Amino acid sequence: MATFEHTTVLLHEAIAALAIKPDGIYVDCTLGGGGHSREILKQLGPTGHLFSFDQDQTAIDYNQDNLADYLASGQVTFIKSNFANLRTELTARGIDQVDGIVYDLGVSSPQFDNAARGFSYQHDAPLDMRMDQSADLTAQTVVNTWPYADLVRIFYRYGEEKFSKQVARAIERHREIAPIETTGQLVDIIKEAIPARARRTGGHPAKRVFQAIRIAVNNELGVLETSLEQAVDLINVHGRVSVITFQSLEDRLVKAIFKEHSDLPELPPGLPVIPAEMQPDYRLVSRKPIVPSAEEIAANRRARSARLRVIERLNEKHN
Ligand SMILES: C[S@@+](CC[C@H](N)C(=O)[O-])C[C@H]1O[C@@H](n2cnc3c(N)ncnc32)[C@H](O)[C@@H]1O
């Protein structure tokens, strides 16, 4: 089996939050190294089933071996697709409701550490950053063809980069001379654009711009919103959706979607009791996000920014 080392973050917390029923139907939207999938499968009985999505063929290939026993017993189905297609892919398999869904967002360690994938500012490689290697849009296209204004927008919004304009301007200057082809070239351009005093604080100077380009290449916030709307709709009463995020933009989006579904509606003034049909159809399992323990963070640096949010369905929809 090829090595595929990914240390799963919030493994037990995210799965415990699903309150698994042995005969239930579950979905892991982000199979990766199979950590969360395996934990769900351990708790499923012979009549339970798991559907595991990944848009990256390498994750699916790895788990053909890694989860071979569960594949052989027919308890797991792999779906090589973007989780934005959650409903369509499940419907195609005759499933219209499920008991729980987990997301563990972002890239896996093998994706990040494989220099050739172009995700990392620490390795020199072609600018790629596609999680789905069959997709059309690459980081190279974004960097070399997107207009200045679009670059500024993504650097501000997805990278929260203070020097967005300076970096976009430097990219424009360089690409007029020759295409920017590698992560190493882009790192040098970013370093040149960010003032020296600012380069000494806030981590690696290319970190925020690389995050922004990755989010844009994979449309990470767009597909998350689309998928979560489907997920809250697909779960049965008492079913739960558990989401682990690794950066604030994603966490804010999850928080906002869950809040919208679990908030009480505007009530007419003076209403003594809230009528049943006005009660929210969902509840937040914990008001504050669940975060990794100090021990988990000490053992795995990637865990330090993780946040877990969980929502539960209480009723069928009141329409
Ligand atoms: C952090 S890893 C998941 C790790 C996994 N929970 C484990 O324990 O090994 C995220 C995985 O989700 C996949 N992924 C990210 N966004 C996706 C999307 N929109 N659709 C499908 N898969 C996605 C990535 O390709 C990656 O393999």
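Conventions used here
- The residue count restarts for each chain, going from 1 along the sequence in the order it is written.
- For a predicted model such as this one, the threshold for reporting local features is a pLDDT of at least 70, and the threshold for listing and counting side-chain atom pairs is 80 or more; totals across whole chains, interfaces and linings nevertheless cover every residue.
- The side-chain values count all of the structure's non-hydrogen atoms but skip hydrogen atoms and water molecules.
- A run of H or I in DSSP counts as a helix once it spans at least four residues, and a run of E counts as a strand once it spans at least two, with each numbered from the N terminus.
- The atom set for the radius of gyration is the C-alpha atoms, and the globule formula is 2.2 Å times the number of residues raised to the power 0.38.
- Exposed residues in this analysis have more than 50% of their type's maximum accessible area, buried residues have under 20%, and partly exposed residues fall in between, with area computed by a 1.4 Å probe over protein chains only.
- The domain limits used here are those given by an automatic or database domain assignment.
- Here, residues are in contact when the closest pair of their heavy atoms is within 4.5 Å.
- When two parts are brought into contact, each loses some accessible area as probed by a 1.4 Å sphere; the total of that loss over both is the buried area.
- Salt bridges are defined by distance alone: a side-chain nitrogen of Lys or Arg within 4 Å of a carboxyl oxygen of Asp or Glu.
- Contacts described as polar in this section are N or O atom pairs within 3.5 Å, which, within protein, must combine one atom able to donate a hydrogen with one able to accept it, while residues neighboring in sequence count only if both atoms come from side chains.
- In this classification, the charged set is Asp, Glu, Lys and Arg, the nonpolar set is Ala, Val, Leu, Ile, Met, Phe, Trp, Tyr, Cys and Pro, and all remaining amino acids, among them Gly, are polar.
- Note on geometry: axes are C-alpha line fits, over the in-contact stretch for helices, and angles between N-to-C directions span 0 to 180 degrees.
- Working definition: roughly parallel below 35 degrees, roughly antiparallel above 145 degrees, roughly perpendicular at 65 to 115 degrees, and oblique for all remaining angles.
- Helix crossings are classified by the rotation of the near helix relative to the far one: an anticlockwise turn of less than a right angle makes the crossing left-handed, while a clockwise turn makes it right-handed.
- Candidate patch residues must exceed 30% relative accessible area and have no salt bridge, after which like charges are joined if within 9 Å and Val, Leu, Ile, Met, Phe, Trp or Tyr side chains if within 5 Å.
- With residues, only the protein chains shown are counted as cover, and all accessible areas are computed by Shrake-Rupley using a 1.4 Å probe.
- Any two strands are treated as partners once DSSP identifies two or more bridges connecting them.
- Think of it this way: one heavy atom of a residue within 4 Å of a molecule or strand is enough to make that residue near it.

Looking only at helices and strands, the chain features 15 helices and seven strands. Computed over C-alpha atoms, the radius of gyration of the chain comes to 21 Å, within 12% of the 20 Å expected from 2.2 N^0.38 for 319 residues, which places it in the range of a compact globule. For the C-alpha atoms alone, the extent of the chain along its principal axes is close to 65 × 60 × 40 Å. Residues counted as buried form 52% of the 319 residues belonging to the chain.

Another aspect to go through is the domain arrangement of the chain. By domain assignment, the chain separates into domain 1 (11-110 + 220-313) and domain 2 (136-217). Between domain 1 and domain 2, the contact holds eight residues from the first and six residues from the second. Contact between domain 1 and domain 2 buries roughly 620 Å² in total, counting both sides, with carbon and sulfur atoms accounting for 46%. Of all residues in domain 1, the largest losses of buried area upon contact with domain 2 belong to Glu220, Gln247 and Leu249, amounting jointly to 63% of the total for that side. On the surface where domain 1 and domain 2 come into contact, there are two salt bridges. For the salt bridge of Arg214 with Glu220, the shortest nitrogen-to-oxygen distance reads 2.8 Å. For the pair domain 1 and domain 2, the number of links is four residue pairs in polar contact (both at pLDDT 80 or more). Listed by contribution, the elements that provide at least two residues to the side of domain 1 that touches domain 2 are helix H13 (220-234) and helix H14 (248-262). In the side of domain 1 that touches domain 2, the residues fall into three nonpolar, three polar and two charged.

Taken N-terminus to C-terminus, the directions of helix H8 (residues 148-159) and helix H9 (residues 164-177) make an angle of 140°; their axes are 9 Å apart at the nearest point. In this view, H8 runs oblique relative to H9, as classed from their interaxial angle. Relative to H9, H8 is oriented so that their crossing is right-handed. Listed contacts from H9 to Tyr148, Leu151, Val152, Phe155 and Tyr156 of H8 are Ser164, Lys165, Val167, Ala168, Arg169, Ile171, Glu172 and Arg175. Of the residues that constitute the contact of H8 with H9, the class distribution is eight nonpolar, one polar and four charged.

A cluster of nonpolar side chains, contributed by Leu264, Leu267 and Leu271, occupies part of the molecular surface with about 220 Å² of accessible area. Inspection of the secondary structure assignment puts Leu264 in the loop between H14 and strand S6 (282-284). Residue classification places Leu264 among the partly exposed residues on the basis of a relative accessible area of 42%.

Right, let's get into the pattern of salt bridges. Counted under the stated rule, the structure contains 17 salt bridges. For the salt bridge of Arg93 with Glu89, the shortest nitrogen-to-oxygen distance reads 3.0 Å. Overall, the relative accessible area of 37% leaves Arg93 in the partly exposed class. Of the charged contacts, one joins Arg283 and Glu312 as a salt bridge, the two residues approaching to 3.0 Å between their closest N and O atoms.

Here we come to the pairing of strand S2 (residues 49-54). With six of six residues buried, S2 lies mostly within the body of the structure. Neither face of S2 is exposed, since His49, Phe51 and Phe53 on one face and Leu50, Ser52 and Asp54 on the opposite face are all buried. Across four bridges, strand S1 (residues 25-28) lies against S2 in parallel orientation. Note on S2: the bridge partner recorded for Ile25 is His49.

The subject of this paragraph is the packing of H13 against H14. The N-to-C vectors of H13 and H14 enclose an angle of 25°; their axes lie 11 Å apart at closest approach. The orientation of H13 with respect to H14, classified from their angle, is roughly parallel. In this structure, H13 meets H14 at a crossing whose hand is right-handed. Note on element contacts: H14 touches H13 through Leu249, Glu250, Leu253, Val254, Ile257, Phe258 and His261, opposite Glu220, Leu221, Leu224, Glu225, Leu228, Glu229 and Val232. Looking at the contact of H13 with H14, its residues break down into nine nonpolar, one polar and four charged.

Once that is clear, we can look at the site of the ligand. Inspection of the region around the ligand gives 25 residues, with Thr8, Asp54, Phe83, Asp104 and Gln111 positioned closest. Residue Thr8 places a side-chain N or O atom 2.6 Å away from an oxygen atom belonging to the ligand. Side-chain polar atom of Asn82 to a nitrogen atom of the ligand: 3.0 Å apart, as the coordinates give it. Out of a free accessible area of 600 Å², the ligand has 99% covered by protein chains. Looking at the shell around the ligand, its residues break down into seven nonpolar, 14 polar and four charged.

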